[in-house]
Amino acid sequence: MTEEIEVSDFVMMNDITEQSMMELLKKRFENDKIYTLIRDVVVSVNPYKKLDIYSEKYIDRYRGKNIYELPPHIYSVADTAFLNLRDLGQDQCIIISGESGAGKTEASKLIMEYIAAVSGDSLEVDKVKSKLLESNPVLEAFGNAKTTRNDNSSRFGKYMDLQFDFLGNPIGGMITTYLLEKSRVVNPAKDERTFHIFYHLLGGADKALLDKLHLTSNFTDYEYLKKSNCSTVPGLNDKTQFDAILNALDCIGFKQDQKDTLFKCISAILHVGNIKYKKNENNDENVIIENPEVCKTIAELLDVKCEDLMNALTYRTVIDKNKSSNQKNIKVPLNLAKALSCQDTLAKTLYEKLFSWLVNVINENIFHTKDDGSHRSVIGVLDIYGFEIFQVNGFEQFTINYCNEKLQQLFIELTLKSEQEEYNNEGIQWENIDFFNNQIICDLIESKTNSIIALLNEECIRPGEKSDMTFLNKLNSSIIKNPHYDSREKTRNIKEIDINMFKIKHYAGDVVYTVDGFIEKNNDLLYNDISFVLNSSKNPHLPIMFPQNLENISLKSPETISTQFKNSMNQLIKNLTAKNPHYIRCIKPNNDKKSGVFDDELCLHQCRYLGLLENIRVRRAGYCFRKEFSKFVERFKLICEDTWPNWKGDPQEGVRRILKEANIQEEDYCFGKTKVFIKKPQIVFQLENIRNEQENKIATIIRANWLAYIYKKKYQKEINSIIGIQSMIRSKFEAQKYKKTIENIVKIQKYCRGFLIRKHMKREYLKLPKYCCRMIIKQWKGYKVRKMLNDMCECSKKASNWTSVQWPDEKYANDKNLKEPYEIFKQVYKRINAKKYRKSLTPDRKDYLEWKCTAMNTFSGKAGWKESATTQYEDDGLKIADTQSAKWKKICSDGSKIIQSFECTKFHRKNLKKEVPRKFVITENDLYLVDNSLGLKDKLPYSSINEIGCSTKKDGCIIFHTSNSKGDLMIRTDKNCIEVVSKICITSKNKGKEIKVNVSDSQNFNNTKKTIPIEFTNSDKPKLVVTGNNNKLIINVPN
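Residues numbered from 1 in each chain as written. Predicted model: local features only at pLDDT ≥ 70, side-chain atom pairs only at ≥ 80, totals over all residues. Heavy atoms only, no water.

You'll find the chain entered in an unreviewed UniProt entry as Myosin motor domain-containing protein, with Piromyces finnis given as the organism. Per its UniProt entry, the chain bears the Sequence similarities (unreviewed entry) comment "Belongs to the TRAFAC class myosin-kinesin ATPase superfamily. Myosin family." (UniProt positions renumbered as here; feature names shortened; annotations may be inferred.)

Encoded structure:
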């Protein structure tokens, strides 16, 4: 490798010149190495493209590593700060500086993302991390804007303290902002934009919100936005950004009324820009508002009275300081110029106050206030404007450059301090280093007397007419002798300094300032009338932004902007001094925001005002390289045979042997207490070259051994494969050989068996003709079967019908050879004739047979079944329909057909010992019980019959178990019991209900009052007798 690419630290350059510094910076930039060190300071060049060096892989790579162990990276600065905080308990700060477009904002976000990734992990910690990270897009939306140099330029300075507990877990944060560029709200430069939030709101909010805020999505409808003739940014989607802002506000913890206040104030500022004035016809010194409807909208958004707002925009109230005067307040009308100035001041001040309130609300949500007694530490991240030199430099550039002078002074002091502390700790003699001390410039700007700020404030507060030229004359009379101050009056032959200008020779270069606007911008006062109106708002947040009212008004002059900024800078310097600092210097490679383009002149200019060369010289003074003994031995141990591969002795002795082996002279290095110091970078490069040579030799040996190992493994694998293939081939050949042998053996066996069997059969045939036996047996069996079949045919012909055939059972039923076919033939004969018989039956005959079959299935166990089976069943035995049709039709009104009728006796329900003669009629739908004169006594639908009970005796009793209100019914018919019950079951089944028949000698009878058990027994009595009582009845049935 060449020296330029190899060097990653400016301190290690051979020549400390601007040319060598720029060559190294440019060379690394062209190789996408955007980070370079000045010891522990990181110089970052904006690549204007995405580089794959910020993934989780890189975060893991730099986690816990020393800043010099790996190539320079912003992660190494963040990791060093985090480890110092966690392990040593020291407060840290990271100072990021550079001009607009150099990448300061991105650098601060990368630092916060890295710290969030490497710190603790829990539900509460993740919630804190989310709040801290989500504060960035909110502050960017309200504090960043598109400029000609940068599409996302921070127009304010930001210092953020990240709070950590003793374990290194983030627990909160605090944000401090500096000098918001509020003039951008009303007067953005050409081809630039005001703050992002205005465009995100108009281009990203839904119609409902815009209507609520009285806004449209057209940017040209608003005077403040169309002034610069620029409303869009390539690659920036307002809808996406606005959604991200809403999500971030929710994540931080903003309430709905707070979000409403934000958007209402932003909307009010846009409407303020649309206010138009015209001169009063009656008084030229007075103006009136031409479009009062706009004021009405503003008043509605800010929740103030429209009349008060219009008066505040056209009049001002002068407070009479004479206590003896009766009139305290004097209303003075505003002319057109003052009214326009008041209008712009309202918009600027409202936005400034809104921004400060926004930061305070964020701090309320992220600041950790709980005091649990444990140790807390902070990491401060400062993202602040870089040094600015424009064609026209005003009050803003003056304050920004003053800030950079203070930071440069702190940077030099802390750098020299750290160098001196390291030398003292290591016991190395400290040599004084000559460097430019910019304290004289800081005094010129900020000292209490005869400084630029002091004289500016003096001019602002003095009575009478104030002017910028009067202020310039004071400068020329008071500080003209200061070597770092210049003006036209001091040096009349310098044409670049006009009559209204002065020059300050800053550490970074000479800057010519125009005094126009210094007085106005330093005062930047809002008329009390507007403050009072906004303080009276019903919105609870606006009085917090504007606390001044008539009751608490102070006649004392408020602090000027320069004084406020000076005090905040002194507080910032005090804060940074109390912490361990880390630096990131950001450089913009070109003004066109193009990747791969390195503008030498522009970069040199930035390196000068960042003081990089001076910092390199301070770091380089004395010894350019230093490293701990153990780490030096670890890196360069392969140079010396004594220390390779592992040195177990004293680390300092190991360093001494390595340097001796490398032929380094003793005057070129020095030993401290824990570190070795080397004067010249050439010696370090010499050590690196020797190390590289040894690495190449060792790498060659390792490579040779590794290749030998690889090829040996490969050879063994190939040999094993060959052996495996050979084994498979041999096994296949052997298997085929074995298979062929088996086939031959089987074939031989087959021939042998065939020969033996043929020989045996021939011998047997010679003895007896036994081969005829099976054929004779088969023929004989066939003959016997045919004879049996003929005999059965003759028997069937002799029978009168197919059911009375007299089969020859005595001849064939017991024959073991013919028994089975004999039975089969009988079954076949019966089935064929049964099928013929079934086909010949009429429907009535089928119904009758079904009646008989039902009787058989139900009453096969009842006495008297055999007589019933041979008896012809009768349908309508009483012929009621024919003989007494008129009476019957009155009883059976539905005209259903009579299926069966018979004489019976009915048992009295309350006294079963009594019987009365009755007639029983079965129809298609119901059962009827009538007397002899055909009077209706009882009617039973089939649906009401649950069960029918009968005994096994010859009693003829039938018990109907019903759901009727009268209870059960019991009748007796001596001859018709079986056929009656069977008929009732068939008819009910046809109606869709199956009635269960219980044939048992133990029955029950329910007369609605109680259930009476009934027992049927045989007796010698000539007729049926009922005995017993109401608890149990016994029916004695004659044998």
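Picking up where we left off.
Caption draft 1: Main features of the overall build of the chain. Counting its regular elements, the chain contains 36 helices and 31 strands. Taking 31 Å as the expected radius of gyration for a compact globule of 1039 residues, we find that the chain reaches 60 Å, considerably beyond that expectation. Taken along the three principal axes of its C-alpha coordinates, the chain extends 165 × 115 × 55 Å. When the 1039 residues of the chain are sorted by exposure, 47% land in the buried category. Considering only intrachain contacts with a sequence separation of at least 6, the fraction spanning at least 24 residues in the chain is 63%. Surface summary for the chain: the accessible area is close to 54900 Å², and the carbon and sulfur share equals 50%. (Helix = DSSP H or I, 4+ residues; strand = E, 2+ residues; numbered from the N terminus. Rg over C-alpha atoms; globule rule 2.2 N^0.38 Å. Buried < 20%, exposed > 50% of the residue type's maximum accessible area, 1.4 Å probe, protein only. Contact = heavy atoms within 4.5 Å. Areas by Shrake-Rupley, 256 points an atom, 1.4 Å probe, with all protein chains shown as cover.)

Caption draft 2: Here's a closer look at a negative patch on the surface. Residues Asp844, Asp847, Glu850, Glu874 and Asp875 make up a contiguous surface patch of negative charge. Locating Glu850 in the fold gives a position in helix H32 (residues 843-859). By relative accessible area, Glu850 is classed as partly exposed at 40%. (Patch = residues over 30% accessible without salt bridge, like charges linked within 9 Å, V, L, I, M, F, W, Y side chains within 5 Å. Salt bridge = Lys/Arg side-chain N within 4 Å of Asp/Glu carboxyl O. Lys, Arg positive; Asp, Glu negative; His and termini not counted. Charge placed at Lys NZ, Arg CZ, Asp CG, Glu CD.)

Caption draft 3: Spotlight on the side chain of Asn274. When you line up the elements, Asn274 lands in the loop between helix H12 (256-272) and strand E8 (277-279). Exposure remark for Asn274: the relative accessible area of 13% places this residue in the buried category. Asn274 has contacts with Asp221, Tyr222, Glu223, Asn291, Val294 and Gln343, leaving out every residue within four places of it along the chain.

Caption draft 4: Spatial organisation of the packing of helix H5 (residues 104-118) against helix H6 (residues 123-143). One way to put it is that H5 packs onto H6 with a least axis distance of 10 Å and a crossing angle of 170°. Compared by their axis directions, H5 and H6 come out roughly antiparallel. Counted together, Thr105, Lys109, Met112, Glu113 and Ala116 of H5 and Lys129, Leu132, Leu133, Asn136 and Glu140 of H6 form the full contact between these two elements. Tallied by class, the residues present in the contact of H5 with H6 amount to four nonpolar, two polar and four charged. (Axes fitted to C-alpha atoms, helices over the stretch in contact; angles between N-to-C directions. Parallel < 35°, antiparallel > 145°, perpendicular 65-115°, else oblique. Nonpolar A, V, L, I, M, F, W, Y, C, P; charged D, E, K, R; others polar.)

Caption draft 5: Fine view of the packing of aromatic side chains. Summed over the entire model, instances satisfying the criterion amount to 27 aromatic pairs. Measuring from ring centre to ring centre gives 6.0 Å for Phe502 and Phe518, while their planes differ by 75°; the resulting arrangement is edge-to-face. Taken together, the residues span a long stretch of sequence, with Phe502 in strand E14 (residues 501-506) and Phe518 in helix H20 (residues 518-523) at a distance of 16 residues. We note that Phe502, like Phe518, is buried. With centroids separated by 5.9 Å and ring planes inclined at 35°, the aromatic side chains of Tyr812 and Tyr822 adopt a geometry described as tilted. Of this pair, Tyr812 sits in helix H30 (residues 809-812) while Tyr822 sits in helix H31 (residues 819-840), and the two are 10 residues apart along the sequence. Judged by relative accessible area, Tyr812 falls into the buried class, the value being 3%. For Tyr822, a relative accessible area of 0% puts it in the buried group. (Phe/Tyr/Trp six-rings, centres within 6.5 Å; stacked < 30°, edge-to-face > 60°.)

Caption draft 6: Quick peek at the environment of Glu823. Its location among the elements puts Glu823 in helix H31. When the C-alpha positions of Glu823 and Asn425 are compared, they lie 126 Å apart, and in sequence the two are 398 residues distant.

Caption draft 7: Structural detail: the sheet that holds strand E17 (residues 625-628). Ordered by their spatial adjacency, three strands build an open sheet running E17-E19-E18, and the pairing between neighbours is antiparallel. A single partner strand is all that each edge strand has here, and the edge strands are E17 and strand E18 (669-671). Direction aside, neighbouring strands of the sheet carry axes that sit 15° apart on average. Across four bridges, the pairing between E17 and strand E19 (residues 675-678) is antiparallel. By the bridge assignment, Phe625 is partnered in E19 with Ile678. Helix H27 (residues 651-661) rests against E18 and E19 of the sheet, and its axis sits at about 165° to E18. (Pairing = 2+ DSSP bridges.)

Caption draft 8: Quick look at the pairing of strand E15 (residues 509-514). The pairing of E14 with E15 spans six bridges and is classified as antiparallel. Across the sheet, His506 pairs through a bridge with Gly509, a residue of E15. Joining the antiparallel neighbours E14 and E15 is a turn of two residues.

Caption draft 9: Expanded view of the UniProt feature "binding site: ATP" (unreviewed entry) in the chain. The sites that carry the UniProt feature "binding site: ATP" (unreviewed entry) are, in the present numbering, Gly98, Glu99, Ser100, Gly101, Ala102, Gly103, Lys104 and Thr105. Checked against the element boundaries, Ala102 lands in the loop between strand E3 (92-97) and H5. Once residues within four sequence positions are removed from consideration, Ala102 is found in contact with Asn46, Cys586, Ile587 and Lys588. With respect to the helices and strands, Gly103 occurs in the loop between E3 and H5. On the accessibility criterion, Gly103 (24% relative accessible area) is partly exposed. For Gly103, the residues in contact, after removing those within four places along its chain, are Asn46 and Cys586.

Caption draft 10: Region of interest: the pattern of salt bridges. Applying the stated criterion to the full structure yields 34 salt bridges. For the salt bridge of Arg909 with Asp938, the shortest nitrogen-to-oxygen distance reads 2.7 Å. One end of the pair, Arg909, is in the loop between strand E20 (898-907) and strand E21 (915-923); the other, Asp938, is in strand E23 (residues 936-941), with 29 residues separating them in the sequence. What makes Arg909 buried here is its relative accessible area of 12%. In the salt-bridge network here, residues are joined through shared partners; they are Arg155, Glu181, Arg184 and Glu192.

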